[in-house]
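# Coordinate analysis (summary)
What follows is each chain in one-letter form.
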Amino acid sequence: MDIFEKVSKDIIAAMKAKDKIRLEALRNVKKYFIEAKTAPGANDTLDDATALKILSKLAKQGRDTAALYTEQNRPDLAEEEAAQAAIIEEYLPKALSPEELEAEVKAIIAETGASSMKDMGKVMGIASKKLAGRADGKAISALVKQLLG
């Protein structure tokens, strides 16, 4: 079962359980999935890699929005955003630990033969694809700079 089907089934389960926050989060996810499926050139399909990118983006947006609400002293809104982000994160693969991330990035650097900051673009291109959904882009970038610098 692909991610789109799983989200659709979980929407039905959330309706039956009357879980308002889960239902709202999953409906939002499905809306983005449908937009991606109907985009020009998508041929009415949504592969799991694209779905993971969308989920990752939505989870990050939710965390950022929750942090913004917390800064503005709106704990009621922050709590709901954080809860929705946590629900979306359930569909993402387990995040890499800092040690695992470093090992992966070192392997990519060795694989590409990168030796200086000039090669950062090449390393980032591969790392971004390979580690999508499992590591934050900022963390990858900072580690690549540290290892190549």
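The following refers to the structure shown. (Residues numbered from 1 in each chain as written. Predicted model: local features only at pLDDT ≥ 70, side-chain atom pairs only at ≥ 80, totals over all residues. Heavy atoms only, no water.)

### A closer look at the overall build of the protein chain
When helices and strands are tallied, the protein chain shows 7 helices and 0 strands. Counted from the first residue to the last, the protein chain has its helices and strands arranged as α-α-α-α-α-α-α. Based on the C-alpha atoms only, the size of the protein chain along its principal axes is roughly 55 × 45 × 25 Å. With 149 residues in all, the protein chain has 34% of them scored as buried. Contacts spanning at least 24 positions in sequence make up 59% of the contacts within the protein chain whose residues lie at least 6 apart. Accessible surface, the protein chain: about 9200 Å² in total, of which carbon and sulfur atoms supply 54%. Averaging the positions of the 24 positive and the 24 negative side-chain charges in the protein chain gives two centres separated by 3 Å. (Helix = DSSP H or I, 4+ residues; strand = E, 2+ residues; numbered from the N terminus. Buried < 20%, exposed > 50% of the residue type's maximum accessible area, 1.4 Å probe, protein only. Contact = heavy atoms within 4.5 Å. Areas by Shrake-Rupley, 256 points an atom, 1.4 Å probe, with all protein chains shown as cover. Lys, Arg positive; Asp, Glu negative; His and termini not counted. Charge placed at Lys NZ, Arg CZ, Asp CG, Glu CD.)

### Quick look at the nonpolar core
Ile3, Val7, Val29, Phe33 and Leu55 are the most contacted members of the largest nonpolar core, which totals 21 residues. Of all elements in the fold, only helix H1 (3–17), helix H2 (20–37), helix H3 (48–71) and helix H4 (75–89) reach the threshold of two or more residues within this core. Among the elements that line this core, the one with the most residues is H3, at 6 residues. Beyond its immediate stretch of four places on either side in the chain, isoleucine 3 contacts Phe33, Asp48, Ala51, Leu52 and Leu55. (Core = buried A, V, L, I, M, F, W, Y, C linked by side-chain atoms within 4.5 Å.)

### Thoughts on the packing of aromatic side chains
To describe a pair of aromatic rings, one takes the distance between the centres and the angle between the planes. All told, the structure shown has 1 aromatic pair when counted by the stated rule. Centroid distance phenylalanine 4 to phenylalanine 33: 6.1 Å. Interplanar angle 40 degrees. Geometry classified as tilted. Taken together, the positions of phenylalanine 4 in helix H1 and phenylalanine 33 in helix H2 put the pair 29 residues apart, joining distant regions of the chain. With a relative accessible area of 15%, phenylalanine 4 lands in the buried category. Residue class for phenylalanine 33 comes out buried when judged on its relative accessible area of 0%. (Phe/Tyr/Trp six-rings, centres within 6.5 Å; stacked < 30°, edge-to-face > 60°.)

### Topic: the packing of helix H5 (residues 98–112) against helix H6 (residues 120–130)
Between H5 and H6, the shortest axis-to-axis distance is 10 Å and the interhelical angle comes to 130 degrees. Classified by the interaxial angle, the pair formed by H5 and H6 is oblique. For the crossing formed where H5 meets H6, the hand is right-handed. Of H6, the residues touching H5 (which contributes Glu104, Ile108, Ile109, Glu111 and Thr112) are Lys122, Val123, Ile126, Ala127 and Lys130. Considering only residue class, the contact of H5 with H6 consists of 5 nonpolar, 1 polar and 4 charged. (Axes fitted to C-alpha atoms, helices over the stretch in contact; angles between N-to-C directions. Parallel < 35°, antiparallel > 145°, perpendicular 65-115°, else oblique. Left-handed = near helix turned anticlockwise from the far one by under 90°. Nonpolar A, V, L, I, M, F, W, Y, C, P; charged D, E, K, R; others polar.)

### Let's talk about unusual backbone geometry
Peptide bonds are trans in most cases, and residues, glycine excluded, mostly fall at negative phi. Non-glycine residue lysine 18 carries a positive phi angle of around 55 degrees. Mapping lysine 18 onto the fold places it in the loop between H1 and H2. We note that asparagine 73 has phi near 60 degrees; this positive angle belongs to a residue other than glycine.

### Topic: the side chain of threonine 112
Inspection of the secondary structure assignment puts threonine 112 in helix H5. Setting aside residues no more than four positions away along its own chain, threonine 112 makes contact with Lys122, Val123 and Ile126.

### As for the pattern of salt bridges
One pass over the full model with this rule turns up 8 salt bridges. Two residues, aspartate 19 and arginine 22, come together in a salt bridge whose shortest N-O distance is 3.7 Å. The salt bridge involving arginine 63 is made with glutamate 89; its shortest N-O contact spans 2.4 Å. One end of the pair, arginine 63, is in helix H3; the other, glutamate 89, is in helix H4, with 26 residues separating them in the sequence. The exposure class assigned to arginine 63 is partly exposed, which follows from its relative accessible area of 40%. Bridged by salt links that share partners, the residues Asp19, Arg22 and Glu90 form one connected network. (Salt bridge = Lys/Arg side-chain N within 4 Å of Asp/Glu carboxyl O.)

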